[in-house]
Amino acid sequence: METCNFTGGSVPSFWLVGFPSLQDHQLLLFFVFLVFYLLILSSNVTIIVAVATDAKLHKPMYFFLTNLSILDILLTTLTIPRMLAMFLTNAKSVSSKGCFLQMYLFHGLAVTETFLLVVMSYDRYEAICHPLHYAVRMTKQKNLQLAAGAWFCALLVVIQPVVQSSQLTFHERPRVKHCFCDHLAVVQAACQNAYTNFQGFLGFTISMIVSFGPLALVVISYACIMASVLRIKSREGRQKTFSTCFSHLVVVTTYYSSIALAFLSYRVQMPSDIHILSDMTFAILTPLVNPLIYTLRNKDIKRAVRQLVSSKVPRERLCSDQVRSKEI
């Protein structure tokens, strides 16, 4: 029997189990997640470049959308490349410092996304409910403060549960039933005692508060928006006004649906693969669908992306024509 002589910070390494039932399909998992990662990178980078190069998109809503795209790139880059290495080379060992750093950054970025969605709903609230004062209230300085506050507060909130989980006791080589160092998965890998159970409960409670507390603010914002929209007399005016926040509403719904699925999988007795898959849905689904939703539903983004693509095509043709002329 292994003894629990190691705290989280002194454990030589953690062993990531991955998907227990799919150990014979590592190469397939590698290609599936590689495709997801490339799609996430290309689509979010396209939105960032489109917003940055189009002067008509230099507005608060698109500034926050750029923050969301940067966040999605960081969130997936933090987890997927390490997973790809694990699937391809079976490199499942991760140092304790690397594990807790990944845990801190992953949960910090996840909470940042929650706060950014609140900020974006507040922006829509100001634009629709106070249109005459919108330019005065949503200045560049105010936008920077709101975005910086979302990032800073989120990274501050997750310090305490991560530090306390690093003080749990573990075997020499704990087995984490996950593809990356998720907080609850690491806590479950610790030696079970009253303190470990308390840490699991504490982590779950904090997750619920920082996830569904901001959701209440989003709901309040949209309740005010709906009240303002319903006061518009023309049906066409109501549809046009509400369409400006429809994309954000779909993103919020997708994000909280994936969170609810992840929380539900931990509270219900299910196979380990279901727990892991639900977390991966949360970590990958939103970064994957966010650009798609905003590109399909937002006319300004679609126009900027088309201009970006069309400006590159003639340039590439010009370069190829120059090369051919030199050869001749």
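Because the structure is a prediction, the values reported are computed rather than measured. (Residues numbered from 1 in each chain as written. Predicted model: local features only at pLDDT ≥ 70, side-chain atom pairs only at ≥ 80, totals over all residues. Heavy atoms only, no water.)

**Student:** I'd like a rundown of the state of the cysteines, residues and numbers included.
**Tutor:** Here the structure, examined in full by the defined rule, presents 1 disulfide. A sulfur-sulfur distance of 2.1 Å marks the disulfide that ties cysteine 99 to cysteine 181. In this structure, the disulfide formed by cysteine 99 and cysteine 181 twists by about -120° around the S-S bond and is classed as left-handed. Of this pair, cysteine 99 sits in helix α3 (residues 96-129) while cysteine 181 sits in the loop between β5 (175-176) and α7 (183-189), and the two are 82 residues apart along the sequence. Across the pair, cysteine 181 and cysteine 99 agree in class, each one buried. Note on cysteine 129: no disulfide assigned, nearest cysteine sulfur contributed by cysteine 224 at a separation of 5.8 Å. With a relative accessible area of 32%, cysteine 224 lands in the partly exposed category. (Disulfide = S-S within 2.5 Å. Helix = DSSP H or I, 4+ residues; strand = E, 2+ residues; numbered from the N terminus. Buried < 20%, exposed > 50% of the residue type's maximum accessible area, 1.4 Å probe, protein only.)

**Student:** An account of the packing of α3 against helix α5 (residues 140-157) is needed here, citing residue identities and associated values.
**Tutor:** Running from N to C, α3 and α5 cross one another at 145°; their axes reach a closest spacing of 7 Å. As α3 packs across α5, the resulting crossing turns out to be right-handed. Facing α3, whose interface residues are Tyr104, Gly108, Leu109, Val111, Thr112, Phe115, Leu116, Val119 and Tyr122, α5 presents Lys142, Leu146, Ala150, Trp151, Cys153, Ala154 and Leu155. Along the lines of polarity and charge, the residues of the contact of α3 with α5 split into 13 nonpolar, 2 polar and 1 charged. (Axes fitted to C-alpha atoms, helices over the stretch in contact; angles between N-to-C directions. Left-handed = near helix turned anticlockwise from the far one by under 90°. Contact = heavy atoms within 4.5 Å. Nonpolar A, V, L, I, M, F, W, Y, C, P; charged D, E, K, R; others polar.)

**Student:** Residues and numbers for the sheet that holds strand β2 (residues 13-16), please.
**Tutor:** The 3 strands lie next to each other as β3-β2-β5, forming an open sheet whose pairing is mixed. Edge strands, defined here as strands with exactly one partner in the open sheet, are β3 (93-95) and β5. Examined bridge by bridge, β2 and β3 share 3 bridges and lie antiparallel to one another. Bridge pairing in β3 places tryptophan 15 opposite serine 93. The sheet strands contacting α3 are β2 and β3, and the helix crosses β3 at an angle near 85°. (Pairing = 2+ DSSP bridges.)

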